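Single-letter residue listing:
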Amino acid sequence: MSRLSISGVEKSFGALKVLHGVSMTVEPGEVHGLLGENGAGKSTLLNILCGVLSPDRGTVQIDGRPVTITSPRAASEAGIAMIHQELQQVPELTVAQNIFLGANLRRGPFTARAAQEAEARRLLAPLDPTIDVTAPVKSLRVAARQLVEIAKALRARAKIIAMDEPTSSLTPAEFEKLAQVVQKLTAEGVSVIYVSHKMDEVFRLCHSATILRDGRFIERVKLPETPVAQVIAKMVGRELVHATHVSYAKPKVILQAQGLTGGPVRDVSFTLHQGEVLGIAGLVGSGRTELLRIIAGVDSSTGSLTLNGQAPGQGPRARIAAGLGLLPEERKRDGIIRHRPVTTNVGLASMKAFTTGGLIAKRRLHARTEALMKDVGLRPLDVTKPIGQFSGGNQQKAIIGRWLAADTQVFLFDEPTRGIDVGAKAEIYALIERLAAEGRSVIVVSSEMPEVIRLSDRVMVMREGRISATLSGPDITEANIAHNAIPA
Amino acid sequence: MLSLLRFRDAGTVLGLLIIGTVFATLAPTFLTAPNLLNVLQQSSINACVALGMTLVIISGGIDLSVGPVAALSAVLGAALMVAGVPVPLAIAAMIGTGLACGAFNAALVAFGGLQPFIVTLGGLSLYRALALIFTGGQPIFGLPEGFRALTNGTLAGVPNPVILVAVLAILAHVVLNKTPLGEYFLAVGGNPEAARIAGVPVRATKFAAYMISGACASVASVVLVGRLGAAEPTMGTLWELDAIAAAAIGGASLMGGRGSILGTLIGCIILGTLRNGLTLLNVQAFYQLLATGIIIIVAMLVDRLTTGKQG
Amino acid sequence: MQHFLKGALAISALTLSLGMAQAQDLAPLNSDSEPDRMDWSELEAKFGPLPAPAAGTKVGGVSKTLTNEYWRSLGQGYQNVADKLGLTFVYQAAQNEGDQLGQLSIAEDLIAQGFAALLFSPQTDANLVPAVEKAKAAGIPVLNVNDAVIPTAEHYVGNVQKDNGVRVAQWFIDNRPDGGKVAVIEGQPGVYAAGQRTAGFTETINASGKFEVVASVPANWSREEAFNAASTILQQYPDLTGFYANNDGMALGVVEAVKAAGKAETVAVFGTDGISDAYAAIKSGDLTGTVDSFPILTGEVAMEVALRLMAGQDLPRVVATPQALITKDNIDTFSTTDQAALRAALLK
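Residues numbered from 1 in each chain as written. Chains lettered and ligands numbered in written order. Predicted model: local features only at pLDDT ≥ 70, side-chain atom pairs only at ≥ 80, totals over all residues. Heavy atoms only, no water.

### Observations regarding the overall build of chain C
Counting its regular elements, chain C contains 13 helices and 13 strands. Over its C-alpha trace chain C gives a radius of gyration of 22 Å, about what one expects of a compact globule, namely 20 Å for 348 residues. Projected onto its principal axes, the C-alpha coordinates of chain C cover approximately 80 × 40 × 35 Å. Going through the 348 residues of chain C one by one, you find that 57% of them count as buried. Within the structure as shown, chain C displays about 14,100 Å² of accessible surface, and the carbon and sulfur contribution to it stands at 54%. (Helix = DSSP H or I, 4+ residues; strand = E, 2+ residues; numbered from the N terminus. Rg over C-alpha atoms; globule rule 2.2 N^0.38 Å. Buried < 20%, exposed > 50% of the residue type's maximum accessible area, 1.4 Å probe, protein only. Areas by Shrake-Rupley, 256 points an atom, 1.4 Å probe, with all protein chains shown as cover.)

Pasting the structure below:
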C-alpha cells in the first residue's frame, strides 16, 4: 500500500487552469522527486498537499485512507509536513520554541520550557547534536535552521516530509549532511518528497520521481536508472543540447585587481582578459560574493583596481560608468524593482541615454528594451509587464539586458542560475558564452561545480577570503576545486 | 504596471463619484458651482502638501514635518513682508525655508542613515519650536494687500490656489512619470539596494524627494497665509496625517515604490468632499471623523484586494 | 418725490461712506481693552427687551471642538435661546482643537446656507479670517464668541480674559496676606486667552509686592502635561503657596500632582472656566476655586446679542459676558442649572 496517493487533482485560478488531473504516488520510506520547470505546477501541488490551497477535483489518500486537507493544521494532523524554501520560522525565538511553535508543551497555564528543550534536544540528536536548542534561530546557519524544521516535522510525527528546494542556500558539504539525514528519515519509514532543480542531487537522493510539465502529469520514473538527459527532456519537452566549453579569451587585459581587501576579502589580486569567463568557486562565506560587490563598487575596500589601465572612481555609479555591472545572487532583494516594468528595470542603469530634454524618451526606451529582450529570449516578450511577474530566469535575462543597454564591458554574475529551472539555465549559459564571444569579459561566482566547470576559462578558488588557487584548462576539475576550497 | 495604476486611479475616481452622488442626493446645495469650487479651494492646501508627501512616500520615506515646515516658512515670510521686503522676495524666502528644512531631513536620512519616520518626527517638533521661538507664540498680522490678492483672486472664476495646485500636480505628474528622477523615486522606494546596484543616485534622489516635500509645504503656507492674512506659528497642525491619508487613499504604498499623483489629488478631493458634504448635512464632528476613518480603511481594503493578486 | 429720492440717495451715500470708513478704520480688536464696550448686565437697560426674530430665522454656530465641555455648554446656551424663540440653530465643530483648516472649511460651508447670523469661536486668531470676510461680503453678521480674537471682528461677545487671572490674584492677595511663591500653568502658547489670563494674574499679584511668580510654564490645555509640570514645580519649590491654571482641565491635573506630593493642605489651586468636574472638586475640597465664565449663560447672551444685531440695534463692538470667582464659600449659590436663577444671582 502506498504511503501517499494523489490522483486526478485539478486546480484553477479563475480562468487559468494550473493542474490538469495530476497524479503522484509515494511509497513508505521512499525519497520521491517532484520535477518540472517553473510553472509546471509543483508549487500548487505542494500547496494542496500542505493545506494552503484546496483542489477543485481529485483525491488524496494516505496509507490507503482518503483524506481531505482543508488547512495547514489538517495537513499536519494527516502526517504531512512541509519544509519551505523560505523557512517559516520566527527568527527571534529559540530553536526549542520554534520546534514547538503552535503546539507548546504546557504546565498549567505556563509553557513547560525545560520539557520542550529536553524534547527538542532528543529530536535534534540524530540530526545534529551540536545545535543549541536555547539559541535563537536567527543565530543559526541556513543548514541548521533546516534541520530545526525537520525536527519540528518529526515532533509532529510527520509520515511525509515535503522539501521545497532545500539546498538552494547550502554548501556541498551541508548538502552531504542533509543527504545523510534524509537517508536516516527514510530508514525509519518516513517518506520524503524532494523538489529541486539540481539534477545531480535528485539523482543522488531520489528513488523515483514524478515529472510535471505545464500542469500535467508526464511520467513517473525510477531513479537513478533513468538517464538524466531523458528526465530533462521530459521536463522541458525537448532535448537540450549539452554544449562543451568554448573559450573566447583574448590576450588583452581588461581588469586588474591588486590587493583588494574589505569585509571578509583578504588581499585578492587577479587579472581578467577580454572575452574571458573567470569562475570564482569556494564555500559559502569564503568571500566570493563580497569580492564581486567590491569590484562593482557596492562595498568599499582597500587595494587597487584598474579597468583598461585606468582607475575607476568609488561607488556603483562610477564603476558602472567605467563599464562594470553586477548581477546579484538575490535578484528579488538586490536586482529588480519588482513593481516596475521590464523597460524601467532594463533602462535604470543608463537613464541618461534614454533621456531627451529632461524627459525619458519612452518610445526609444521601449524599442531598445524590446530589441534586447527579444535577443536574450525574454518570455513572454511583454516589456511593459512588471518584472516581478516574470520567472527567475527571465528576470536574470532582463538584468543581463540592463547591462547590455549600458554597454557594460565586464559582467559580474553572482550565482547566475540560482532559483532558475533547467531549461532557462541552459539559456543563461548560452547568453554568458555570447557575451564572451562579443568580446565582453565575465566573472561568474557559483556554488554549483558543474556550472563553474561548464562556463569558465579559468577558475579562481577562494578560501577564507583569499585566493587559494587559480585553475585553468584540464586542471579545472571538481576534485581540484574542492581540495582548494576546503580550509586546511 | 501602468495599466494597474490607471486601474487603481479609476477606483479612486469611482469612490469620489459614489461619495459625490450620495451628497448630491441628500444635500441640494452640494452640487452647485460655488460649493464645488469651495470644496476644491478647501482641498487645495492639503493637496499642495500631499503632492510632495506622495513623492516622499513613493521613494520609500515619510515626511511628518510638513505642518511645522509650513508654519516656519509662514512666520519667516510674514515677518519679512511686514518688515517691508518685496512680496516676491518674501515668497522666495518661504520656499527657500521649505527647501532647507527638506534638505536637513534628507541629510539625516541619506547620510545619517536614520529612519525617515524618526527624523521627520524630530523635525516636527524642531521646526514648530523654531516657529514659536521666532514669534514668541504670537501670530503675525498686517500683511500687504497685494500679497493677499495673489491667493484670494480668481482666474476665470476659479480660485487661484486651485489653479496653483493644478499646475503643481501636472508638474509632479510629469516628474514622476516622464523623468529619470521619477523613475529613481520609484526605484529607490521599490528596492533601495537594487537601485543602488543599478547605479541610481540613491542619496540625491532622497534629497530631491524631501526638498520637494518641504517646498510643497511652503507653497501651501504661502496660500494659507494669503488666505488668512496672518501667519501663525501654530499653523499646520496634523497636516501630515491629512496628506498621508490622501496619498494612501490615492493608492500610494507606505512601503514605497508605488503611488500616483492623480490618485493623491483625488484622495484630497475625497477628504474635502466628505468634510463639505457632512457639514452641509449638519453631521456632528465626531461622525465626520468616523466617516474619514472608514473611507481610509475601505480604500486600503480595496487596495489590498485589487493588488494582492499581483503577488 | 424728488426730495424723497434725493434724501434716500444722500442717506445711502452716507451709510456707504460710513460703512467704508468703518471698514477701514476698524482697529485690530483687543477684546479686553477695546474701549467700545459694555457689560452684558446693561443690555436690557440700554437697548430694551429682546426683539423677537422673524419666523424661520436660521442661525449657525461654529465651535472649536465638542470634546470640551465648555464648547458643548456654549452651544447649549445658544440652543436655549433658539428653542425659546423658535429659531433654527445649527451647531458645528472641528474635529479637534488643532484642526484649524477643518474649522475654516466648516465655517465657509455654512456661509452658503442662508443663515441670518453666524457665531464663530475660532481655533486661533487668524484661522477663520477668510470666512469672516466671506460672510461680510455676503452681508451676514458674524459674532466672534469667546476665546481666540479675530482682529477684524466687528462684534465680540465673551469674557474679559484678563479678568480671570485678576480675580484669582485678588483671592491670593486677600486670603494669603503673608504672600509667598506662586506658579502659573499656562494654556497653549500664542493663544490669546492663555496669554491674557496669565498676564492678568501675574500683573496683579506682582503689584501686591508680596508674591513671587516662581514658574510660569505652558501645558497646552492638557491635564496630563499640567500634572507633570506641577509635579516638577512642587519638587523644586516645596514651600509653594498656590497654582493658577489657565483652565480647569489643567487645574485638575495640578490637583492630582498636589495630592501626590502630599501638599493638599498648604497649596491652593485655581482653575478657569467652571466645568462640572471643577465644581465637584471644589465641593470635595480638592480644588480651591475657579473663575466660572458660565458657558451656558454666555451662549444665551451671545445669541441674544446676535438677535439684537439682526434687529438693527447699534451695540458696542464688545459685549462682556458674566464671570465670577467660585470657591467653597459661594459655590452653593452658583451650582444651579437654572439659568434664570443664575442670572439673578449674578445681576445682584
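### A look at the overall build of chain A
Each helix and strand in chain A was counted, giving 17 helices and 23 strands. For a compact globule of 488 residues, the expected C-alpha radius of gyration is about 23 Å, and chain A comes in at 24 Å, within 12% of that figure. Across the 488 residues that make up chain A, the buried fraction comes to 55%. Restricting the contact set of chain A to residue pairs at least 6 apart, pairs at least 24 apart contribute 67%. Across chain A, the 59 positively charged side chains and the 48 negatively charged ones have centroids separated by 5 Å. (Contact = heavy atoms within 4.5 Å. Lys, Arg positive; Asp, Glu negative; His and termini not counted. Charge placed at Lys NZ, Arg CZ, Asp CG, Glu CD.)

### Focus: the pattern of salt bridges
Residues and elements named next belong to chain A. In this structure the tally under the stated criterion is 46 salt bridges over all chains. Salt-bridge contacts for Asp56 lead to Lys11; the nearest nitrogen and oxygen are separated by 3.9 Å. Taken as a pair, Asp56 in the loop between helix 1 (42-49) and strand 4 (57-62) and Lys11 in strand 1 (residues 4-13) lie far apart in primary sequence, 45 residues in all. Relative accessible area serves as the criterion here: at 43%, Asp56 is assigned to the partly exposed category. With relative accessibility at 10%, the residue Lys11 sits in the buried group. A salt bridge links Arg288 to Glu415; the nearest nitrogen and oxygen atoms lie 3.6 Å apart. With Arg288 in helix 9 (residues 288-295) and Glu415 in the loop between strand 20 (410-414) and helix 15 (422-437), the pair connects residues that are 127 residues apart, well separated along the chain. For the pair Arg288 and Glu415, one class covers both residues: buried. The structure contains a network of salt bridges with shared partners spanning Asp375, Asp407, Arg434, Glu438 and Arg440. (Salt bridge = Lys/Arg side-chain N within 4 Å of Asp/Glu carboxyl O.)

### Details of the domain arrangement of chain A
Residue and element names in this part refer to chain A. If you check the domain split of chain A, you get domain 1 (4-236) and domain 2 (253-485). Centre-to-centre separation of domain 1 and domain 2, based on C-alpha positions: 33 Å. Contact with domain 1, which involves 13 residues of that partner, is made by 12 residues of domain 2. Of the roughly 1,000 Å² buried where domain 1 meets domain 2, counting both sides, 60% is carbon and sulfur surface. (Domains from an automatic or database assignment. Buried area = accessible area lost by both parts, 1.4 Å probe.)

### As for the side chain of Ser260(B)
All names here are of chain B. Note on placement: Ser260 falls in the loop between helix 11 (239-249) and helix 12 (261-280). The class for Ser260 is buried, based on a relative accessible area of 5%. Within polar-contact distance, the side chain of Ser260 engages the backbone nitrogen of Leu262 at 3.4 Å. In this structure the side chain of Ser260 is engaged in a polar contact, spanning 2.8 Å, whose partner is the backbone nitrogen of Gly263. (Polar contact = N/O pair within 3.5 Å; in protein donor to acceptor, adjacent residues only side chain to side chain.)

### A short note on the sheet that holds strand 14 (residues 265-273) of chain A
Residues and elements named next belong to chain A. Pairing within the open sheet is antiparallel, and its three strands lie in the order 14-13-16. Two strands bound the open sheet, and with one partner strand each, they are strand 14 and strand 16 (302-307). Across the sheet, the axes of successive neighbouring strands diverge by a mean angle of 5°, strand direction being ignored. (Pairing = 2+ DSSP bridges. Axes fitted to C-alpha atoms, helices over the stretch in contact; angles between N-to-C directions.)

### Quick word on helix 11 of chain B
Residues and elements named next belong to chain B. Across the 11 residues that make up helix 11, a large majority, nine, are buried. Burial in helix 11 covers these residues: Trp239, Glu240, Ala243, Ile244, Ala245, Ala246, Ala247, Ala248 and Ile249. A positive phi of about 105° marks Gly251, the residue just after helix 11.

### Focus on the arrangement of the chains
Most contacts, compared over the two pairs of chains touching, are made between chains B and C. In this view chain A stays clear of chain C, with the nearest C-alpha atoms of the two still 36 Å from each other.

### A look at the domain arrangement of chain C
All names here are of chain C. What the domain assignment reports for chain C is domain 1 (29-157 + 295-321) and domain 2 (161-292). One C-alpha centre belongs to domain 1, the other to domain 2, and the line joining them spans 29 Å. Contacts between the two partners involve 12 residues from domain 1, matched on the other side by 12 residues from domain 2. Taken over both partners, the interface formed by domain 1 and domain 2 buries close to 900 Å², and the fraction arising from carbon and sulfur atoms is 40%. Looking only at domain 1, the three residues that lose the most surface to domain 2 are Asp32, Glu69 and Asp147, adding up to 47% of its buried area. For the interface between domain 1 and domain 2, the tally reads zero salt bridges. The interface formed by domain 1 and domain 2 includes eight residue pairs in polar contact (both at pLDDT 80 or more).

### Some points on the interface of chain B and chain A
Taken together, the contacts link 24 residues of chain B with 32 residues of chain A. For the chain B and chain A pair, buried surface summed over both sides reaches about 2,300 Å², with 58% attributable to carbon and sulfur atoms. Between Arg293(A) and Glu193(B) there is a salt bridge whose closest N-O contact spans 3.2 Å. Our enumeration of links across chain B and chain A arrives at 10 residue pairs in polar contact (both at pLDDT 80 or more). When residues in the side of chain B that touches chain A are grouped by element, the largest group, six residues, is from helix 8 (residues 180-190) of chain B. Across the side of chain B that touches chain A, the residue classes tally to 12 nonpolar, seven polar and five charged. (Nonpolar A, V, L, I, M, F, W, Y, C, P; charged D, E, K, R; others polar.)

### Remarks on helix 8 (residues 228-236) of chain A
All names here are of chain A. Taken residue by residue, helix 8 has Val231, Ile232, Ala233, Lys234, Met235 and Val236 as its buried positions. In the core, the buried residues of helix 8 are packed alongside strand 3 (31-35), helix 7 (199-205), strand 11 (208-213), strand 12 (216-222) and helix 15. After helix 8 finishes, the residue Gly237 shows a positive phi value of roughly 80°.

### Considerations on the interface of chain C and chain B
Listed by partner, the interface residues are 33 residues for chain C and 33 residues for chain B. Interface area, chain C with chain B, both sides summed: about 2,700 Å², of which 51% is carbon and sulfur. For chain C, the biggest contributors to the area lost against chain B are Gln95(C), Leu101(C) and Asp109(C); these three give 23% of the whole. Joining chain C to chain B, the criterion identifies three salt bridges. Across the salt bridge formed by Arg148(B) and Glu133(C), the nearest N and O atoms sit 2.8 Å from each other. Along the contact surface separating chain C from chain B lie 17 residue pairs in polar contact (both at pLDDT 80 or more). Of all the secondary-structure elements, those providing two or more residues to the side of chain C that touches chain B are strand 3 (88-94), helix 4 (100-111) and helix 5 (129-137) of chain C.

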